[in-house]
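A structural walkthrough
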Amino acid sequence: MDFLYKSFVRRLFFQFEPEMAHCIAVALLKWIDNSYICKNAIRLLFQNESGPVNIFGLNFPNKIGLAAGFDKDGHFPSTASALGFGHVEVGTVTPRPQEGNPKPRLFRLSKEESLVNKMGFNNEGAESMRKRIKKFYPKGERHSPLGINIGKAKETPLEESIKDYTESFNALAEIADYFTLNISSPNTENLRKLQHEDNLRPLLQDIDKVNSNWAKKNKTTKIPCLIKISPDESFSRLEKLIETVLESNIDGIIATNTTSKRPNCIGKDLDGGLSGKSMEALSLETIKFISKLTYGKLPIIGVGGVHNTESLNRKLDSGACMVQLYTAFIYEGPFLASKLAKSLKNHNSWLT
Ligand SMILES: Cc1cc2nc3c(=O)[nH]c(=O)nc-3n(C[C@H](O)[C@H](O)[C@H](O)COP(=O)(O)O)c2cc1C
């Protein structure tokens, strides 16, 4: 399978400009998502029940998730789950549709199995996602949890950004198994300033209020809420951030988003966030540091450069309880999640 993917399918896709190749892949996955037979054949082939875990009250069939940004509008979460992902995170979504940054905005660094992107939250908006997921992937028909990653719109000034998060939360709560507050993309101006405790504290308080109200109104429990952080913060900044998170009702941390740094000068001529193998060390450093700070009390989902069993184990051994991946899905192919999940059947990490 790997040989087939790398020798033929990947070669074919790489003939296209990166964003065009992504659009073709999304169209294909969308088509599969609409075909009951194809989807279930894939599910049978890539069974994802290997090493289930319960984290923040949700049952995950395995520890490998699809990271945000691949399925920005929730077009194929069911197919991603069928391919072996133990959870799928869609988004980042903003309250209303937005186009994102001008193209070209996605670049391959094939030798390093990395990408640089400056997409800027191109998405169809919260209402469109709510309708689509409600119709095609409703709660109760899922084989793995669905996370919804929400963010601030480009036009929204920093001082008003909380409204974007609460608005998207309310619009999407009925379809979300968990929410991720994206405060770390490098491609939306000022977004990362939300990681500063003075901005983060009110955001987390307001989201918790909205969450409590929603739970009360629907006579249910609150929806788990995570934050996604950047790998570019200094340890002293991270300490403050974690202190704020521990004082709040946040359920976990996703570490990390893409990096604005250029380790070993990789991608130094390109603007945007670097992902894939070249950022693995940076994301690991962040995970290790926050794991030490939180004494393993706060679930960490490790993201950044997971591409094989070794890199997966490095994340878990550093303190992550689950992982997500994006870039390796492109370089290693769609069978990676299922392969990694199977390799973990006997892996003992905390929280199993
Ligand atoms: C093209 C592209 C778009 C992305 N879009 C988002 C996004 O909308 N929201 C988000 O939280 N992360 C986004 N990410 C970051 C990924 O979710 C992930 O954190 C990062 O790529 C590191 O993981 P990886 O090395 O496995 O790709 C994006 C990454 C890429 C490559």
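Check the entry above for the structure.
An account of the accompanying structure is given in this report. (Residues numbered from 1 in each chain as written. Predicted model: local features only at pLDDT ≥ 70, side-chain atom pairs only at ≥ 80, totals over all residues.)

**Structural notes on the packing of helix α8 (residues 235-247) against helix α9 (residues 280-294)**
One can describe the packing of α8 onto α9 by two numbers: an axis separation of 10 Å at closest approach and a directional angle of 45 degrees. Between α8 and α9, the angle is such that the two are oblique. Considering the relative orientation of α8 and α9, their crossing is right-handed. Packed against α8, whose contacting residues are Phe235, Leu238, Glu239, Ile242 and Leu246, the element α9 presents Phe289, Ile290, Leu293 and Thr294 at the interface. Looking at side-chain class alone, the contact of α8 with α9 contains 7 nonpolar, 1 polar and 1 charged residues. (Axes fitted to C-alpha atoms, helices over the stretch in contact; angles between N-to-C directions. Helix = DSSP H or I, 4+ residues; strand = E, 2+ residues; numbered from the N terminus. Parallel < 35°, antiparallel > 145°, perpendicular 65-115°, else oblique. Left-handed = near helix turned anticlockwise from the far one by under 90°. Contact = placed C-beta atoms within 7 Å. Nonpolar A, V, L, I, M, F, W, Y, C, P; charged D, E, K, R; others polar.)

**Considerations on the site of the ligand**
As a structural note, the neighbourhood of the ligand is formed by 28 residues, with Ala67, Gly69, Ser275, Tyr326 and Thr327 the closest of them. Those elements that provide at least two residues to the shell around the ligand are β4 (87-93), β6 (114-117), β11 (273-276) and α11 (327-332). Class assignment of the residues belonging to the shell around the ligand gives a composition of 12 nonpolar, 14 polar and 2 charged. (Near = placed C-beta within 6 Å.)

**Section: the environment of Gly84**
Inspection of the secondary structure assignment puts Gly84 in the loop between α4 (77-82) and β4. Counting along the chain gives 18 residues from Gly84 to Leu66, while the straight-line C-alpha distance between them is 9.6 Å.

**What to know about α9**
The end-to-end C-alpha distance of α9 is 21 Å, a good match for the 21 Å that 15 residues give at a rise of 1.5 Å each. Burial in α9 covers these residues: Glu280, Leu282, Ser283, Leu284, Thr286, Ile287, Ile290 and Ser291. Residues of α9 that are buried make contact with α8, β10 (252-255), β12 (300-303) and α10 (309-317). Phi turns positive one or two residues past the end of α9, at Tyr295, with a value near 50 degrees. (Expected span 1.5 Å × (residues − 1). Buried ≥ 20, exposed ≤ 12 C-beta atoms within 10 Å, placed from the backbone.)

**Brief notes about the nonpolar core**
With 78 residues, the main nonpolar core has Leu172, Ala176, Phe179, Leu181, Ile253, Ile300 and Val323 as its most contacted residues. Core analysis: the second largest hydrophobic core is formed by 5 residues, Leu115, Val116, Leu274 and Met279 among them. (Core = buried A, V, L, I, M, F, W, Y, C linked by C-beta atoms within 7 Å.)

**A word on the sheet that holds strand β5 (residues 106-109)**
Across the sheet, 3 strands lie side by side as β5-β6-β11; this open sheet has antiparallel pairing. The open sheet terminates on both sides in strands that have one partner only, identified here as β5 and β11. Across this sheet, the average inter-strand angle for adjacent strands is 25 degrees, counted without regard to direction. Pairing of β6 with β11 involves 4 bridges; the strand directions are antiparallel. Paired with Ser114 across the two strands is Gly276, which belongs to β11. (Pairing = 2+ DSSP bridges.)

**Some thoughts on the sheet that holds β4**
By way of backbone hydrogen bonds, the strands of a sheet pair with one another, either parallel or antiparallel. Here we have 8 strands rolled up into a closed barrel, ordered β3-β4-β7-β8-β9-β10-β12-β13, and parallel in their pairing. Looking at each pair of strands side by side, their axes are set apart by 25 degrees on average, direction ignored. Relative to strand β13 (residues 322-325), strand β3 (residues 64-66) runs parallel, the two sharing 3 bridges. Across the sheet, Leu66 pairs through a bridge with Leu325, a residue of β13. Along the sheet, α9 makes contact with β10 and β12, crossing β12 at roughly 165 degrees.

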